[in-house]
Amino acid sequence: MIRLTRRRLAGKESGAVATELVLLTPLLLLMLLFVVALGRMVSGRLDVDGAAAQAARAASIARDPSTATAMAQQAATTALGDR
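Below, the structure is looked at part by part.

About the thresholds
- Residues numbered from 1 in each chain as written.
- Predicted model: local features only at pLDDT ≥ 70, side-chain atom pairs only at ≥ 80, totals over all residues.
- Heavy atoms only, no water.
- Patch = residues over 30% accessible without salt bridge, like charges linked within 9 Å, V, L, I, M, F, W, Y side chains within 5 Å.
- Areas by Shrake-Rupley, 256 points an atom, 1.4 Å probe, with all protein chains shown as cover.
- Salt bridge = Lys/Arg side-chain N within 4 Å of Asp/Glu carboxyl O.
- Helix = DSSP H or I, 4+ residues; strand = E, 2+ residues; numbered from the N terminus.
- Buried < 20%, exposed > 50% of the residue type's maximum accessible area, 1.4 Å probe, protein only.
- Expected span 1.5 Å × (residues − 1).
- Bend = angle between axes of the 7 residues up to and from the residue.
- Contact = heavy atoms within 4.5 Å.

This part is about a nonpolar patch on the surface. A surface patch of nonpolar side chains, about 630 Å² in accessible area, is lined by Leu23, Leu24, Leu27, Leu28, Leu30 and Met31. Within the secondary structure, Leu28 is located in helix α2 (residues 16-61). Overall, Leu28 belongs to the exposed group, its relative accessible area being 53%.

This is the structure in structure tokens:
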């Protein structure tokens, strides 16, 4: 009697794993893409922060404001140019 009940339940659940996989795969791919996008955003922010620090360092060396601006722009362009 118990074996017959198990067979009935097993028959009703055949293909359930495949269905769950089909339903969960897009969600898992979306999560993966979100993590990759988040990593790229953090990397971009770090690049911009580094460029700003280099620009500030270059501008602090200059004696007058126009030279400081030019040196800061050159440093930021150089820092972000190779990325």
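This part takes up the pattern of salt bridges. Counted under the stated rule, the structure contains one salt bridge. For Asp49, the salt bridge goes to Arg45, with nearest N and O atoms at 4.0 Å. Here Asp49 pairs with Arg45, and both are found in helix α2, just four residues apart, close to one helical turn. On the accessibility criterion, Asp49 (42% relative accessible area) is partly exposed.

A separate point is α2. Taking 1.5 Å per residue, 46 residues should reach 68 Å; α2 reaches 68 Å between its end C-alpha atoms and fits that length. Largest kink in α2: about 35°, centred on Leu24, with the proline Pro26 one to four residues after it. Buried residues belonging to α2 abut α3 (65-81).

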